[in-house]
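A closer look at the structure
Single-letter residue listing:
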Amino acid sequence: MTDITLAPIQPDQPSHLMATYGRQAISFVRGRGAYLYTEDGTEYLDALTGIAVCGLGHAHPVIAEAIAEQAATLVHTSNLFEIPWQTAAAQKLAEVSGMEEIFFSNSGAESNEGAIKIARKFGTQQGVRLPKIIVAEQSFHGRTLATLSATGNKKVQDGFAPLVNDFIRVPFGDVEAIQEAALQHPDIVAILIEPIQGEGGINTAPQGFSYLEEVRNICNQHNWLMMLDEIQTGNGRTGKYFAYQHTNIVPDVLTTAKGLGNGFPVGAVMTQGKAVGLLGPGSHGSTYGGTVLGSRVVYTVIDTIQKENAVENAAVVGRYIVDQLRAKLADKNVRVRGFGMMIGIQLPKDCAELVAIARDQHKLIINVTAGSVVRLLPPINMTQAQADDLLERLVALINSYL
Ligand SMILES: *Cc1c(COP(=O)(O)O)cnc(C)c1O
């Protein structure tokens, strides 16, 4: 163990960190499953899991052991060499996704950058000089220049002009708007959407997941790539390994990150069908993408999700949480939506202050997105007893607020 002890952070202490985040004045030093602990041992129930990242909970013993053992053996050699753990991780990911080819990156934004490059390469090969990609309003795809340009949130784009060109924006769930765009822009080559919009407020399409089937049909009609951003919805979050598996369709390009590493920074862009083979030697790369250590983590996370039946658990326990919330908050003016362990409670008013109230009065970690949506992203392997604990704290919180 280290012999370095860090002094606690003082509220008015000058910091060398760039002020990009609005941080809460609390820090956690330890975690176990669905719970987080501060230095003085206070226990918090974590219904956020590092923003849909630690799906298997904190300090999962199997993941921790894999990281420790691999770190003490070999961390990185580079993609100049064969990496058996990377090949094995790709095999696992292909198995759970139904995709054919996988490129490992280190984050969600980077995975989407890969998808955008694939779409452009696809267009270029069809002789389209300036290929366009359809994206949705209220979407979130990341903070790099191309992904913030694809994002449907002006706040994310403000001050960063010139944006990356040739994204066409349509309302989420609106199939006619896509057909309309197709008539106006002959150079469209792909569509990039989230099956459920996470940052946008846990938005499901009005027609539910059949929206994805309708989009698939349009993509087939026009020979576009259907690209799904499952960075947040993937890895069991919605009660299927990937959210599109609630339907019978398969996308051409699929991106994921967050839950794929349970806290270790990894991401992936995957292709199948007509998207296979578009990125060949020299066309894409990442120094850190698919390191020995990162790949072993990916393999172990997927293997653990499978062995714990965590995806099925997310479906059952998530359904239970939604049903209980609807019943217990029936007399309140709220709407509960979501699938599996990706749940939003739409309140009738802005409720950003609930984050602090939940934390301080109920020892509960939640997030509020889109101003008035309480966002729950608990571990996908949360037990029924922990779900009851969550419900008790949450219902008390909302009852005291509305
Ligand atoms: C979080 C997220 C991203 C960005 O991922 P980073 O790892 O922060 O770059 C992109 N798309 C969706 C849907 C996300 O939820």
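This text gives an overview of the structure that appears in the document. (Residues numbered from 1 in each chain as written. Predicted model: local features only at pLDDT ≥ 70, side-chain atom pairs only at ≥ 80, totals over all residues. Heavy atoms only, no water.)

1. So, the packing of helix α2 (residues 61-71) against helix α9 (residues 292-307)
Pairs of packed helices are described in terms of their axes, by the angle between the two and the distance that separates them. Interhelical geometry of α2 versus α9 gives an angle of 160 degrees and a closest axis separation of 10 Å. It follows that α2 is roughly antiparallel to α9 by the angle criterion. Here α2 runs over α9; the crossing is right-handed. Within the contact between the two elements, α2 uses Val62, Ile63, Ala66, Ile67, Glu69, Gln70 and Ala71 and α9 uses Val292, Leu293, Arg296, Val297, Thr300, Val301 and Thr304. (Axes fitted to C-alpha atoms, helices over the stretch in contact; angles between N-to-C directions. Helix = DSSP H or I, 4+ residues; strand = E, 2+ residues; numbered from the N terminus. Parallel < 35°, antiparallel > 145°, perpendicular 65-115°, else oblique. Left-handed = near helix turned anticlockwise from the far one by under 90°. Contact = heavy atoms within 4.5 Å.)

2. Let's talk about the sheet that holds strand β2 (residues 35-37)
Strand order in the open sheet formed by four strands is β1-β2-β3-β13, and the pairing between neighbours is mixed. Two strands bound the open sheet, and with one partner strand each, they are β1 (30-32) and β13 (364-365). In this sheet, β13 lies alongside strand β3 (residues 43-46) in parallel orientation, the contact comprising two bridges. Within β13, the residue paired with Leu45 across the bridge is Leu364. (Pairing = 2+ DSSP bridges.)

3. Notes on the layout of surface pockets
By volume, the second largest pocket is sized at about 380 Å³. Considering the residues around the second largest pocket, the lining is formed by 21 residues, among which Ile102, Phe103, Phe104, Leu279 and His284 are closest to the centre. For the lining of the second largest pocket, the element with the highest residue contribution is strand β4 (residues 101-105), accounting for four residues. Counted by class, the lining of the second largest pocket contains 10 nonpolar, 10 polar and one charged residues. (1 Å grid on protein atoms, 1.4 Å probe; cavity = no way out; pocket = protein on both sides within 12 Å on 5 of 7 lines; lining within 4 Å. Points joined across faces, edges and corners; volume = space filled by probe spheres on them. Nonpolar A, V, L, I, M, F, W, Y, C, P; charged D, E, K, R; others polar.)

4. Here we look at the pattern of salt bridges
Within the structure shown, the criterion is met by nine salt bridges. In this structure, Arg216 engages Asp252 in a salt bridge whose closest nitrogen and oxygen atoms are separated by 2.8 Å. In this pair, Arg216 sits in helix α8 (residues 210-222) while Asp252 sits in the loop between β8 (225-229) and β9 (253-256), placing the two residues 36 residues apart along the sequence. The salt bridge involving Arg319 is made with Asp323; its shortest N-O contact spans 3.0 Å. Pair noted here: Arg319 and Asp323 are both in helix α10 (residues 310-328), with a separation of four residues, about one helical turn. Look at Arg319 and you get partly exposed, because its relative accessible area is 44%. (Salt bridge = Lys/Arg side-chain N within 4 Å of Asp/Glu carboxyl O. Buried < 20%, exposed > 50% of the residue type's maximum accessible area, 1.4 Å probe, protein only.)

The quantities given are spatial measurements derived from coordinates; they are silent on function.
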